[in-house]
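Architecture at a glance
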Amino acid sequence: MQPVAALPLPDAQLLFLNTGLANEIGLNLPWEDRLAVLHLLSGNAAWPGQSATASAYAGHQFGNWVPRLGDGRVLTLAEWLAPDGSPVELQLKGAGPTPYARGSDGRATLASSVRELLACEALHALSVPTTRALSLAVSPLVIQRDDLQTAGVLSRTAPCFVRFGHFEFHAHHGTPQQLAALADHVIEHHFPYLKNHPRRHAAWLAEVIDLTAALLAHWQTLGFCHGVLNTDNLSVLGLTLDYGPYGFMERFRPHHVCNASDTEGRYAYTAQPAVGRWNCARLLDACLGLLAPQPEAAREQAQALLARYDEVYSQEVMRRWRAKLGLRQARAGDADLLNRWLTLLQRGKADFTLAFRRLADVIQTDPAEALPFLPPGQDGALRDWLHDWRTRLAGEGCQPAERAAAMRRVNPCYVLRNHLAHAAIEDAQRGSSTELHSLLAILARPFDEQAGAERYAAPQAEGGELAIGCMA
Ligand code: AMP
Ligand code: MG
């Protein structure tokens, strides 16, 4: 950890401030002095009483070991306890280089800052654990990427931003004592109920594995693709962290890759759960010394811990899929019913989000009018599937209206589609936050159909789906 001063952001303006989040975390700022608030949240003034720091971490990037990464363009400004007693860490992203910048400029583009802001707030509204966006400061400052871009400074919060990569860093460069101290710090502040556990490190690792498996299950059932699932981008609290070229899958394709630079599809939609497990294995490798003094015994324990991942993942993912299909009870054959439905979506090039959303409309009605996304060739297979699905539903004895309402509480109408993010970015690049705020208002209530918001539910036009490359 190193103290670092932020680099001032010239002619900064506050484009976004999350007042709801500010209240929730008890953010204590001189609200009546807008300029002072802007200075604090853009890196133009030091945080009173605390000096900003950047931390070192390591990681496996696209499967390759990278011993030295770290907060290259992120500063932790402050830490405190929220009114409900939970810990809060506040970071600035894009406020200049740190000792871990490895020659990069320490800045973030306005585009990538808007993308992170939108995604974390969208996932939060979908009840997916995530870091949060507090504010966005913009500036005419131009930075070089593939082309010239304007810069932004995002402030973001989480109970903490500790990554798997922090443990990998200490395992590689530090002493066993430092590794244990980091684990104990995380346990004390974020898993306090484990403090007096007789095997607290193993118990904590079990929690991290469970949280990660549950997070991946949640993503899969929303069609969310992270894009850069490196170990340095995985949170030990099971939060979605570090939004780069993410995407909510539109047309259902198991091998959908949202990151244009991921040419081998390492982080394709269907690969994510296994990557989550692989990353947990890397965390366990780093933490072997916390499990037992003898390597053999430690490895055995690590294997047992890793086995939890499959168990928790498969339980969680089926629980969520069942709810999306309106199934209340677990029965043999559910996975088959799900897979047949997903195959229909894939063959019909259906929009993942809308297909599930519309399923609630056809509990009783004719499929032809309500599921217009399936091409004529699929009619027979769809009719068969709907017949089997309705038979399965009938066996549970629940009122159709009640079941449809329950399905609409888990199948969002609105997700953050790339073209919507793109429109908000273009508007922000013109100095306007209108589209950003409109989009955030829709995404804040993803399960409620909102009058006049049809265009926010619509998929991108055929063929126009964007794969997002590096626009960091
Ligand atoms: P990411 O792919 O965003 O997770 O970043 C990987 C690593 O590169 C992290 O250590 C970042 O802090 C660092 N990094 C990315 N972009 C920059 C930048 N513009 N300046 C400094 N460090 C950066
Ligand atoms: Mg990262």
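**Side note on the coordination of the magnesium ion (ligand 2)**
Surrounding the magnesium ion (ligand 2) are the protein donor atoms N233 (OD1) and D242 (OD), at 2.0 to 2.2 Å. Of the two residues, N233 and D242, neither departs from the other in class, the shared state being buried.

**Overview of the domain arrangement of the chain**
It is common to report an interface's size as the accessible area lost on association of the parts. Domain boundaries in the chain define domain 1 (2–158) and domain 2 (164–323). Using C-alpha coordinates to define each centre, domain 1 is positioned 23 Å away from domain 2. Contact with domain 1, which involves 28 residues of that partner, is made by 34 residues of domain 2. Both faces combined, the contact of domain 1 with domain 2 buries some 2,600 Å², and carbon together with sulfur accounts for 62% of it.

**Here's the deal with the nonpolar core**
Formed by 121 residues in total, the largest nonpolar core has its most connected members in F167, W204, W341, W389 and L416. With 13 residues, the top contributor of residues to this core is helix α6 (residues 200–222). Among the domains, domain 1 (2–158) and domain 2 (164–323) are the pair contributing at least three residues each to this core. When residues no more than four places from it in sequence are discounted, the contact partners of W389 are L325, L327, L337, L359, V362, I363 and M407. I25, V37, A56 and A78 belong to the second-largest nonpolar core, a separate cluster that totals 31 residues.

**Quick look at the site of ligand 1**
The environment of ligand 1 is formed by 16 residues, the closest being G70, G72, R102, D105 and G106. G72 is positioned such that a nitrogen or oxygen atom in its backbone is 2.8 Å from an oxygen atom of ligand 1. R107 is positioned such that a nitrogen or oxygen atom in its backbone is 3.1 Å from a nitrogen atom of ligand 1. Here ligand 1 has 480 Å² of accessible area as a free molecule, and 81% of this is covered by the chains. Grouping the constituent residues of the shell around ligand 1 by class yields 3 nonpolar, 6 polar and 7 charged.

**Re the packing of aromatic side chains**
Taken as a whole and judged by the stated rule, the model has 17 aromatic pairs. On the basis of an interplanar angle of 65° and a centroid distance of 6.4 Å, the ring pair of F224 and Y243 is categorised as edge-to-face. Within this pair, whereas F224 is found in strand β11 (residues 224–225), its partner Y243 is found in the loop between β11 and β12 (247–248), the two being separated by 19 residues in sequence. Both residues of the pair, F224 and Y243, count as buried. Taken together, F252, Y269, W321, W341, F352, F356, W385 and W389 form an aromatic cluster joined through their ring pairs. We note R115 situated over the ring of Y246; from NZ or CZ to the ring centre the distance is 4.1 Å. In this structure, K324 is placed above the aromatic ring of F356, and the distance from its NZ or CZ to the ring centre is 4.7 Å.

Each value, and the rule that gives it
- Residues numbered from 1 in each chain as written.
- Chains lettered and ligands numbered in written order.
- Predicted model: local features only at pLDDT ≥ 70, side-chain atom pairs only at ≥ 80, totals over all residues.
- Heavy atoms only, no water.
- Donors = N, O, S within 2.8 Å, 3.2 Å for Na, K, Ca; no water.
- Buried < 20%, exposed > 50% of the residue type's maximum accessible area, 1.4 Å probe, protein only.
- Domains from an automatic or database assignment.
- Contact = heavy atoms within 4.5 Å.
- Buried area = accessible area lost by both parts, 1.4 Å probe.
- Core = buried A, V, L, I, M, F, W, Y, C linked by side-chain atoms within 4.5 Å.
- Helix = DSSP H or I, 4+ residues; strand = E, 2+ residues; numbered from the N terminus.
- Near = heavy atom within 4 Å.
- Polar contact = N/O pair within 3.5 Å; in protein donor to acceptor, adjacent residues only side chain to side chain.
- Areas by Shrake-Rupley, 256 points an atom, 1.4 Å probe, with all protein chains shown as cover.
- Nonpolar A, V, L, I, M, F, W, Y, C, P; charged D, E, K, R; others polar.
- Phe/Tyr/Trp six-rings, centres within 6.5 Å; stacked < 30°, edge-to-face > 60°.
- Lys NZ or Arg CZ within 6 Å of the ring centre and 35° of its normal.

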